[in-house]
Amino acid sequence: MDLDLLASIYDRLDTAVWIFDFDLKRILWANGKTLEVMDASSLAELQLRDLGADMSPSVEKRLRQYRHDFWNRDVSFSEIWTLYPKGTPKVLQMVMSGLRLKDGRMALLCEAREHHEQQPETLRSAEALLHTTVMISLFTMDGLPLYRNTAARAACVSLATRFEEQFADPKDAQKLLEQVERERTSKLVARIKTGAGTRWHELTIRACHDAVTGQPAYLVSEIDVTELHETKERAQYLASHDTLTGLSNRTYLKERLTQILKTASEANQTATLYLVDLDDFKLVNDSMGHAAGDALLQLVSAKLKDLACPGDVVARLGGDEFLICHLEKEGSQSDDWFGQSLLNAFTPPQLIDGKAKHVGLSIGFAHYPEDGIKIDQLMRHADLALYQAKSNPSTKCVRYHERMKRLRNEHLAIRKDLEQAIREYEFVLHYQPVAFTGNDRVVAAEALIRWQHPEQGLIRPDQFVPIAEETGLINEIGAWVCLQVAHMQARLQKLKYPVGLSLNVSPRQLSDPLFVPLMQSLPSETGCDPSKISLEITETVLLGDIANAHETLAILKETGYQIVIDDFGTGYSNLAYLHNYPIDGIKIDRMFVEDITSGGEIVKLILSLAKALGADVVAEGVETIDQRSWLSKNGCNLYQGYLYSKPVPEDRFLSMLRTQMELAAT
């Protein structure tokens, strides 16, 4: 057909027809009626208009939807649109379909007639449906889509998606439809499958009729509440979980414990409630920093979750205390098998903040229903068992027993009395001599603290030092010991007794920022000779448990003090650490001395190591003449133990030295 004739026919149509370029946002061709509608003087003038210049985001989104739909299906849309040529509103009933151009791109073919129902409410509602972010859809009773506004079309996966196919859980769709059938309306927050993935939508559905066919239909309005829902879920999660470890916290604990105890009761099973506490956690925070402390808590949490069974409760109660509620399996070999497995899991060194560290646990546990049937009761009993585990280093996993209430009360009383003892200076020092193995001449002594309790008499350190460590009172007590030893050493100098003194320094004391300044001030304050005072430390200090341990020991060494490793061989010895630290002496633990009569190979090894380091050696716990003889023959010149003397009061120790000096003078 002649193109001019075809163009003439289109120009005579009372329907405006034009082709819109999606990419350029311009009209490529239009008939005469379009020029009239668009108030254009010519096609060339109309083609120059940039229709994207003032296009709203909603219209742009709708056009993108059209193009997407045209690419995938041969469809058309009939809608009421309001256009604004030269600012004048024109309401048009438009039919839009896709038209493929010669270059392969998709364009929009528009056919439009003026919409004669010019009621303001109708026009404004059509505009509102186009621009609103609320998703409005119309479905048949069978779930087929009849209409979607711009927002609804943007959200749905495809044009053909049925009502029930939108739901991630089909039960939600069924629930909505059942309710609307009964009540004509229904509302629900549900997970909806969208083009952007699964989202949370608040849906309101009403029974109505299709205005075109008059058939019953469903009008659905949806609002995306994903952020609100996730914020609510996050708030609920934060309220019931520990933010650092992700474990349940105390808030959520009672609900979960109630359920697991109910399960145990119904299945006639035993449930065990474990309380787990980290040993020396405060020391990690103080020495390595809070970041390392947090890393340790996260590491422990991850391990506890890995070790726990799927139905177990794992929670962080706060600080370094954790809870596990475990349903026991039939045929368990011992009542603490799960607790022992927790201890075994932490036997190897753990990597914390890039450093290998040995993590110690103390565990207290109680069985349901044998040790209690109520949650609060089980918690109290497990806490008593934990207290016992922390008080006795030899037993790290302890089950609750009735006698623990009495022991706990005793410990609480000791703690209270300790505070008074510090105020009232109720402590005294006893001294245990260190002698030559060859001639029993005393050359040194270890200062050992005792508590002169006003009612209970003399209390040994193993009865109160662990409690002092736990409460932090050890720093004040330790400072008192250092001052007394310094005064005693100055007194020995005046008496011209060439005897050195030693005292124990705990890791907690070394971490105390006041400790080094105190030790630096003692020589001028008391007149003591620091070279005659040995500071006994444990191997854990050398293994990186104390921040800046090397620098601290170097300052103490520079001040003049001797550095000695106490109980050598019972920790995790490392030759590299020994070589790098300023070590002056080694004390062999009594457990190795007990074995020397049957070979003593470990002691020989320690003596060889000490010789290579140029360090003096003192053998502890020597109780027999045979042990002393063996040590003398094998090159260990110094010993300490009951064979020579138990720890004695200061006046008795000075009397021993005076007698020794008098005998030497004769």
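Overview of the structure. (Residues numbered from 1 in each chain as written. Predicted model: local features only at pLDDT ≥ 70, side-chain atom pairs only at ≥ 80, totals over all residues. Heavy atoms only, no water.)

**Description of the overall build of the protein chain**
Looking only at helices and strands, one finds 25 helices and 27 strands in the protein chain. For the protein chain, the spread of C-alpha atoms along the principal axes amounts to about 145 × 60 × 50 Å. In the protein chain, which comprises 666 residues, the proportion classed as buried is 46%. A fraction of 58% describes how many contacts in the protein chain between residues 6 or more apart in sequence connect residues 24 or more apart. Accessible surface for the protein chain amounts to roughly 34400 Å². Of this, 51% is attributable to carbon and sulfur atoms. Counting 72 positive and 92 negative side-chain charges, the protein chain places the averaged centre of each group 1 Å from the other. (Helix = DSSP H or I, 4+ residues; strand = E, 2+ residues; numbered from the N terminus. Buried < 20%, exposed > 50% of the residue type's maximum accessible area, 1.4 Å probe, protein only. Contact = heavy atoms within 4.5 Å. Areas by Shrake-Rupley, 256 points an atom, 1.4 Å probe, with all protein chains shown as cover. Lys, Arg positive; Asp, Glu negative; His and termini not counted. Charge placed at Lys NZ, Arg CZ, Asp CG, Glu CD.)

**Structural notes on the pairing of strand β2 (residues 26–30)**
Here four bridges tie strand β1 (residues 16–21) to β2, and the two strands are oriented antiparallel to one another. Looking across to β2, one finds that W18 is bridged to A30. Counted along the chain from β1 to the antiparallel partner β2, the turn is four residues long, and its residue K25 has a positive phi close to 55 degrees. (Pairing = 2+ DSSP bridges.)

**So, helix α7 (residues 170–183)**
An ideal rise of 1.5 Å per residue puts 20 Å on 14 residues; α7 measures up with 20 Å between its terminal C-alpha atoms. Packed against the buried residues of α7 are β8 (185–194), β9 (197–209) and β10 (216–224). At the C-terminal side of α7, R184 shows a positive phi close to 70 degrees. (Expected span 1.5 Å × (residues − 1).)

**Here we look at the sheet that holds strand β13 (residues 321–327)**
A sheet is described by the order of its strands in space; here five strands give the open sequence β12-β13-β11-β16-β17, paired in mixed fashion. Single-partner strands in this sheet number two, and they are β12 (313–318) and β17 (397–399). Strand-to-strand twist across the sheet, computed as the mean angle between neighbouring axes with direction ignored, equals 20 degrees. Inspection of the sheet shows strand β11 (residues 271–278) paired to strand β16 (residues 361–368) by eight bridges, in the antiparallel sense. Among the inter-strand pairings, L273 is bridged to a residue of β16, identified as A366. Relative to the sheet, helix α11 (residues 290–307) contacts β11, β12 and β13, its axis offset from that of β13 by approximately 0 degrees. Of the strands in this sheet, β11, β12, β13, β16 and β17 touch helix α13 (residues 375–391), which is tilted by about 145 degrees from β16. (Axes fitted to C-alpha atoms, helices over the stretch in contact; angles between N-to-C directions.)

**Observations regarding the pattern of salt bridges**
Under the definition given, this model contains 24 salt bridges. Its salt-bridge partner being K33, residue E36 comes within 3.3 Å of it at the nearest N-O pair. Here the residue E36 and the residue K33 both occupy positions in helix α2 (residues 32–37), the gap between them amounting to three residues, near one helical turn. Taking the relative accessible area as the measure of exposure, K33 reaches 15% and is therefore buried. A salt bridge links E202 to K187; the nearest nitrogen and oxygen atoms lie 4.0 Å apart. With a gap of 15 residues between them, E202 in strand β9 and K187 in strand β8 connect regions that are remote in the sequence. What makes E202 partly exposed here is its relative accessible area of 26%. On the basis of relative accessible area, K187 is assigned to the exposed category, the value being 53%. The structure contains a network of salt bridges with shared partners spanning D21, D23, R67, D103 and R105. (Salt bridge = Lys/Arg side-chain N within 4 Å of Asp/Glu carboxyl O.)

**Digging into the nonpolar core**
Generally speaking, soluble globular proteins have nonpolar side chains that are buried together. Ranked by size, the top nonpolar core spans 74 residues in total, and within it L418, F427, L535, L556, L631 and F653 carry the most contacts. With ten residues, the top contributor of residues to this core is helix α16 (residues 474–494). Ignoring anything within four residues of it in the chain, the contact list for F427 reads L418, A421, I422, I449, R450, W451, F464, I477 and W480. (Core = buried A, V, L, I, M, F, W, Y, C linked by side-chain atoms within 4.5 Å.)

**Some points on empty space enclosed by the protein**
Counted according to the given criterion, the structure contains two cavities of 30 Å³ or more. Looking at the largest cavity, its volume works out to about 80 Å³. Lining the largest cavity are 14 residues, with A152, A155, C156, Q166 and E222 sitting closest to its centre. Elements supplying a minimum of two residues to the lining of the largest cavity: β6 (135–140), α6 (150–155) and β8. If one sorts the elements of the lining of the largest cavity by residue count, β8 sits on top with three residues. Split into classes, the residues belonging to the lining of the largest cavity amount to six nonpolar, five polar and three charged. (1 Å grid on protein atoms, 1.4 Å probe; cavity = no way out; pocket = protein on both sides within 12 Å on 5 of 7 lines; lining within 4 Å. Points joined across faces, edges and corners; volume = space filled by probe spheres on them. Nonpolar A, V, L, I, M, F, W, Y, C, P; charged D, E, K, R; others polar.)

**Brief notes about the pairing of β11**
Of all eight residues that make up β11, eight are buried, and the element is covered over most of its length. By the alternation rule, side chains of β11 split into A271, L273, L275 and D277 and T272, Y274, V276 and L278, which are all buried. Pairing of β11 with β13, which is carried by seven bridges, proceeds in the antiparallel orientation. Along β13, the bridge assignment pairs L275 with L323.

**Things to note about the sheet that holds β8**
Taken in spatial order, the five strands of this open sheet run β7-β6-β10-β9-β8, and their pairing is antiparallel. Two strands lie at the open edges of the sheet, namely β7 (145–148) and β8, each paired on one side alone. With direction set aside, neighbouring strand axes in the sheet form an average angle of 30 degrees. Relative to β10, β6 runs antiparallel, the two sharing six bridges. Looking across to β10, one finds that S137 is bridged to V220.

**Section: the packing of aromatic side chains**
Inspection of the entire model under this criterion finds 13 aromatic pairs. On the basis of an interplanar angle of 80 degrees and a centroid distance of 5.7 Å, the ring pair of W337 and F338 is categorised as edge-to-face. Taken together, the aromatic side chains of Y274, W337, F338 and F365 make up a single cluster linked through ring pairs. Over the face of the ring belonging to F346 we find K303, whose NZ or CZ atom lies 5.8 Å from the ring centre. Over the aromatic face of Y642 sits the side chain of K646, whose NZ or CZ is 5.2 Å from the ring centroid. (Phe/Tyr/Trp six-rings, centres within 6.5 Å; stacked < 30°, edge-to-face > 60°. Lys NZ or Arg CZ within 6 Å of the ring centre and 35° of its normal.)

**Observations regarding a nonpolar patch on the surface**
A surface patch of nonpolar side chains, about 390 Å² in accessible area, is lined by L5, L6, I9, Y10 and L13. With respect to the helices and strands, the residue L13 is situated in the loop between α1 (3–12) and β1. (Patch = residues over 30% accessible without salt bridge, like charges linked within 9 Å, V, L, I, M, F, W, Y side chains within 5 Å.)

**Examining the state of the cysteines**
For the structure on display, the rule yields zero disulfides. The thiol sulfur of C397 is not disulfide-bonded, and the nearest other cysteine sulfur, from C325, lies at 15 Å. Looking at C397, the relative accessible area reads 8%, which means it is buried. (Disulfide = S-S within 2.5 Å.)

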